[in-house]
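Working through the structure, step by step
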Amino acid sequence: MRDVKIMDIAMNLSRIGNWAADDFDGKQKRITIFLEQTNSYLRGIDITAYPKSTQEALTRFEQAFNTLRTQSPHTSEERLRWADTVLTWSNILTHKARIGE
């Protein structure tokens, strides 16, 4: 059950990253809603319930996510870099949840 929470976060990140890459300005409202929902999911996780390698990944993700939430990329290059970071974290968390590390 605990891995479902990580998968929920990863799925949201995938959606957010794709929206940001396709149409950051047009999807801004939706991106904001999903960022807040993802933040809520993240706050609901007991990191200590996971193996050490997953704890470390979640801690790094939490730091990166807090930065992502406060960034406002202005240029198309910055937006694509932002989207790529979000999608990378989606992949990392999916991997962690899938193998149960």
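In what follows, the structure referred to is the one given above.
Residues numbered from 1 in each chain as written. Predicted model: local features only at pLDDT ≥ 70, side-chain atom pairs only at ≥ 80, totals over all residues. Heavy atoms only, no water.

1. So, the pattern of salt bridges
Evaluated as defined, the whole model comprises four salt bridges. One salt bridge in this structure joins D25 and R79, with 3.2 Å as the shortest N-O distance. Of this pair, D25 sits in the loop between α1 (2-23) and α2 (28-43) while R79 sits in helix α4 (residues 76-99), and the two are 54 residues apart along the sequence. What makes D25 exposed here is its relative accessible area of 53%. For the salt bridge of R69 with E36, the shortest nitrogen-to-oxygen distance reads 3.3 Å. Here R69, found in helix α3 (residues 52-70), pairs with E36, found in helix α2; they are 33 residues apart in sequence, far enough to count as distant. Look at R69 and you get partly exposed, because its relative accessible area is 32%. (Salt bridge = Lys/Arg side-chain N within 4 Å of Asp/Glu carboxyl O. Helix = DSSP H or I, 4+ residues; strand = E, 2+ residues; numbered from the N terminus. Buried < 20%, exposed > 50% of the residue type's maximum accessible area, 1.4 Å probe, protein only.)

2. Considering the packing of aromatic side chains
This structure, assessed with the given rule, holds four aromatic pairs. Taken together, a centroid distance of 5.5 Å and an interplanar angle of 85° make the contact between F24 and W82 edge-to-face. Note that F24 is positioned in the loop between α1 and α2 and W82 in helix α4, a separation of 58 residues in sequence. Here F24 falls in the buried class, since its relative accessible area comes to 8%. With centroids separated by 5.4 Å and ring planes inclined at 35°, the aromatic side chains of F61 and F65 adopt a geometry described as tilted. Here F65 and F61 lie together in helix α3, a separation of four residues that amounts to about one turn. For the residue pair F61 and F65, the accessibility class agrees, reading buried in each case. Within the aromatic cluster, the residues linked to one another by ring pairs are F61, F65 and W89. (Phe/Tyr/Trp six-rings, centres within 6.5 Å; stacked < 30°, edge-to-face > 60°.)

3. Some remarks on α3
Taking 1.5 Å as the rise per residue, α3 with 19 residues should run 27 Å; its terminal C-alpha atoms sit 28 Å apart, in good agreement. Of all the positions in α3, only T54, A57, L58, F61, F65 and L68 are classed as buried. Seen along its axis, α3 keeps its buried residues to an arc of 100°; they face one direction. Turned more than 90 degrees away from the buried face of α3, the exposed residues are K52, Q63 and T70. (Expected span 1.5 Å × (residues − 1). Arc of directions from axis to C-beta.)

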